[in-house]
Amino acid sequence: MTTEYRRLRVALLGAGAVGSQVAALLLRHGDELADRAGAALELAGIAVRDVDAPRDVELPRELFTTDAESLVVGADIVIELIGGIEPARTSILQAIGSGADVVTANKALLATHGPELFEAADRVGASVYYEAAAAGAIPIIRPLRDSLAGDRVVRIMGIVNGTTNYILDRMETEGADFADVLADAQRLGYAEADPTADVEGYDAAQKAAILASLAFHTAVPLDAVHREGITSITASMIEEARSAGFVIKLLAVCERLGAEGAESISVRVYPALVPHSHPLASVHGANNAVFVEAEAAGSLMFYGAGAGGVQTASAVLGDVVSAARRHIAGGVGVGESTRANLPIVPIGHVTTRYQITLEVSDAPGVLATVAGILSDGGVSVATVVQTVEGEAEPTARLVIGTHRATEQALSATVDALAESAVVERVVSVLRVEGE
Ligand code: NDP
Ligand code: HSE
């Protein structure tokens, strides 16, 4: 006997890499999804820019329209997969205004206009679902929003950008140069034609803002996220990291700081040294992983595909089923919790360990001078490795591992080192995370 379900109208905005796969899966698995959602999900239409553009999968021509506004009116669930700020923002606000729940994968929009969208949804009792907006197919939004709602998240360390992980991984495994691997990443379709958002850390910073907001119940604006990319990472830095027992990964770090009652948070994206023994060190290729530490749960690791049309469609459809269930059950949507509203500290106040690589002249007293500068700056040395190259005018390479120091102290000390007569060159300064 077939169950008669209530019909819910689903409007899809965008049929690119992700949207076309969402439409195909929604059409192919309609009956199964209806059983899971408790509602028949009727794909009412697909709004695109050009109805005749080629699609990754075959989809019924009659579903396509360029009139997103008409499609949104009367929909129960609106899936926004256009990307960018406008017209995605306006369409989502229209959808909320007309009583629909919204599913989106749009990290750029959520990281910049999230509070506006969540407040609009709260006002009418609707929900905004966005599992695919951080780390693609990996379930991380729902674990932070629901499964860990009874715990206190202490730290998140995530590899949340596939393109940069692919580049760093190939530099690590093949000793290849940044520019060569970036060209391959573009050819393979991992990186955008303009890869700035990936390699300069903007994409990871958007995801960090989203994850930190959820984890710490605090609205984290994008400009509060400290961001550095990977364009300065060289093959020799990777080689040096390896000899010291580390890999270099672009990390999104979201951290709770200070004692209970006087807490703050830090949200930052930068390339960092990760010990070989840390679970994030073995995340290869374009994969993503998010390592969460919570007070009661301890360490949790979420791993998988952070991008890709069909992979990301999985997360989007999970949200569609959740939205349908809520629609059927009734009641108000679950809003975003920003009750804690913890202060966000600037990068200068963050403490980490560092590895500083210097080229210095190989002469008596040089090591003592370097040690003196570090000591004057309040930066305590944990390890020093020296290698010497050249015979006539030998140059020593010093790799100095520090104890924990503030960014402020470290950066003033590195400036002093760079100005010192004994230092020929500051080769690199990298933070150490995950120890
Ligand atoms: P694409 O660029 O592949 O597709 C965008 C779609 O939006 C196209 O179908 C395009 O239409 C349509 N579109 C663009 N402008 C308009 C407009 N003004 N009105 C109506 N439709 C419009 O994007 P993706 O599928 O890659 O990404 C979609 C979202 O998912 C983004 O927010 C992205 O950040 C996110 N995401 C993507 C991942 C991925 O692996 N691709 C992973 C995780 C998240 P037309 O086809 O006619 O040009
Ligand atoms: N450009 C992104 C990445 C796509 O490389 O991870 C997924 O957000």
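Placed above this text is the structure.
Remember, predicted model here, so these are calculated numbers, not experimental data. (Residues numbered from 1 in each chain as written. Chains lettered and ligands numbered in written order. Predicted model: local features only at pLDDT ≥ 70, side-chain atom pairs only at ≥ 80, totals over all residues. Heavy atoms only, no water.)

**A short note on the site of ligand 1**
Next, step 1: Contacts to ligand 1 come from 21 residues, most closely from Ala-15, Arg-49, Asp-50, Arg-55 and Gly-308.
Next, step 2: Ala-15 has a polar backbone atom sitting 2.8 Å from an oxygen atom of ligand 1.
Next, step 3: Interatomic distance of 3.1 Å between a backbone N/O atom of Gly-16 and an oxygen atom of ligand 1.
Next, step 4: In the complex, 76% of the free accessible area of ligand 1, which totals 900 Å², lies under the protein chains.
Next, step 5: In the shell around ligand 1, the residues fall into 11 nonpolar, six polar and four charged. (Near = heavy atom within 4 Å. Polar contact = N/O pair within 3.5 Å; in protein donor to acceptor, adjacent residues only side chain to side chain. Areas by Shrake-Rupley, 256 points an atom, 1.4 Å probe, with all protein chains shown as cover. Nonpolar A, V, L, I, M, F, W, Y, C, P; charged D, E, K, R; others polar.)

**Some remarks on the nonpolar core**
Next, step 1: Tyr-130, Leu-144, Ile-156, Ile-167, Ile-233 and Val-292 are the most contacted members of the largest nonpolar core, which totals 79 residues.
Next, step 2: It is helix 10 (residues 202-216) that provides the largest number of residues to this core, a total of 10 residues.
Next, step 3: Looking at which domains feed residues into this core, each of domain 1 (8-136 + 310-329) and domain 2 (141-304) gives three or more.
Next, step 4: Residues Ala-313, Leu-317, Val-320 and Ala-323 belong to the second largest nonpolar core, which totals 35 residues. (Core = buried A, V, L, I, M, F, W, Y, C linked by side-chain atoms within 4.5 Å. Buried < 20%, exposed > 50% of the residue type's maximum accessible area, 1.4 Å probe, protein only. Helix = DSSP H or I, 4+ residues; strand = E, 2+ residues; numbered from the N terminus. Domains from an automatic or database assignment.)

**Thoughts on the packing of helix 13 (residues 366-376) against helix 14 (residues 407-419)**
Next, step 1: Orientation of helix 13 relative to helix 14, taken along the N-to-C sense of each, is 150 degrees, at an axis distance of 9 Å. By the angle class used here, helix 13 and helix 14 are roughly antiparallel. For the crossing formed where helix 13 meets helix 14, the hand is right-handed. Here helix 13 contributes Val-370, Ile-373 and Leu-374 to the contact with helix 14, which in turn contributes Thr-413, Ala-416 and Leu-417.
Next, step 2: Its residues placed into classes, the contact of helix 13 with helix 14 shows five nonpolar, one polar and no charged. (Axes fitted to C-alpha atoms, helices over the stretch in contact; angles between N-to-C directions. Parallel < 35°, antiparallel > 145°, perpendicular 65-115°, else oblique. Left-handed = near helix turned anticlockwise from the far one by under 90°. Contact = heavy atoms within 4.5 Å.)

**Things to note about the packing of aromatic side chains**
Next, step 1: Counted by the stated rule, this structure contains one aromatic pair.
Next, step 2: Considering the side-chain rings of Phe-118 and Tyr-130, the 5.6 Å spacing of their centres and the 40 degrees angle between planes classify their relative orientation as tilted. Residue Phe-118 is found in helix 5 (residues 107-124), and its partner Tyr-130 is found in the loop between strand 6 (128-129) and helix 6 (141-147); the two are separated by 12 residues along the sequence. In terms of burial, Phe-118 and Tyr-130 fall into one category: buried.
Next, step 3: The residue whose ring lies beneath Arg-227 is Tyr-202, and the NZ or CZ to ring-centre distance is 3.9 Å.
Next, step 4: Between the NZ or CZ atom of Arg-431 and the centre of the ring of Tyr-270, over which it lies, the distance is 4.1 Å. (Phe/Tyr/Trp six-rings, centres within 6.5 Å; stacked < 30°, edge-to-face > 60°. Lys NZ or Arg CZ within 6 Å of the ring centre and 35° of its normal.)

**Quick word on the layout of surface pockets**
Next, step 1: Counted as a void, the second largest pocket has a volume near 490 Å³.
Next, step 2: Every residue lining the second largest pocket is counted, 27 residues in all, and those nearest its centre are Phe-118, Ser-213, Glu-336, Ser-337 and Thr-338.
Next, step 3: Where the lining of the second largest pocket is concerned, the elements lending two or more residues are helix 5, helix 6 and helix 10.
Next, step 4: Considering each element in turn, the lining of the second largest pocket owes the most residues, eight residues, to helix 5.
Next, step 5: Considered class by class, the residues forming the lining of the second largest pocket number 14 nonpolar, seven polar and six charged.
Next, step 6: Shared between two domains, the lining of the second largest pocket takes at least three residues from each, and those domains are domain 1 (8-136 + 310-329) and domain 2 (141-304). (1 Å grid on protein atoms, 1.4 Å probe; cavity = no way out; pocket = protein on both sides within 12 Å on 5 of 7 lines; lining within 4 Å. Points joined across faces, edges and corners; volume = space filled by probe spheres on them.)

**Quick notes on the side chain of Asp-203**
Next, step 1: Relative to the helices and strands, Asp-203 resides in helix 10.
Next, step 2: The contact partners of Asp-203, leaving out residues within four places of it in the chain, are Lys-107, Val-160, Asn-161, Ala-197 and Asp-198.

**Here we look at the packing of helix 5 against helix 10**
Next, step 1: In contact at an axis separation of 9 Å, helix 5 and helix 10 are set at 55 degrees when each is read in the N-to-C sense. With respect to each other, helix 5 and helix 10 are oriented oblique. Crossing angle aside, the handedness with which helix 5 passes helix 10 is left-handed. Across the interface between the two elements, Lys-107, Ala-108, Leu-110 and Ala-111 from helix 5 touch Asp-203, Gln-206, Lys-207, Ala-209 and Ile-210 from helix 10.
Next, step 2: Residues of the contact of helix 5 with helix 10, tallied by class, amount to five nonpolar, one polar and three charged.

**With respect to the sheet that holds strand 6**
Next, step 1: The strand order across the open sheet formed by six strands is 3-2-1-4-5-6, and the pairing between neighbours is parallel. Looking at the sheet topology across the chains shown, the edges are occupied by strand 3 (64-65) and strand 6.
Next, step 2: Bridging between strand 1 (residues 7-13) and strand 2 (residues 40-47) involves seven bridges; their strand directions are parallel. Paired with Arg-9 across the bridge in strand 2 is Glu-42.
Next, step 3: Most of the contacts of helix 1 (residues 19-28) go to strand 2, to which it runs at about 150 degrees, and overall it touches strand 1, strand 2 and strand 4 (77-80).
Next, step 4: Strands in contact with helix 12 (residues 309-329) are strand 1, strand 2, strand 4, strand 5 (101-104) and strand 6; relative to strand 5, the strand with the most contacts, it is inclined by about 170 degrees. (Pairing = 2+ DSSP bridges.)

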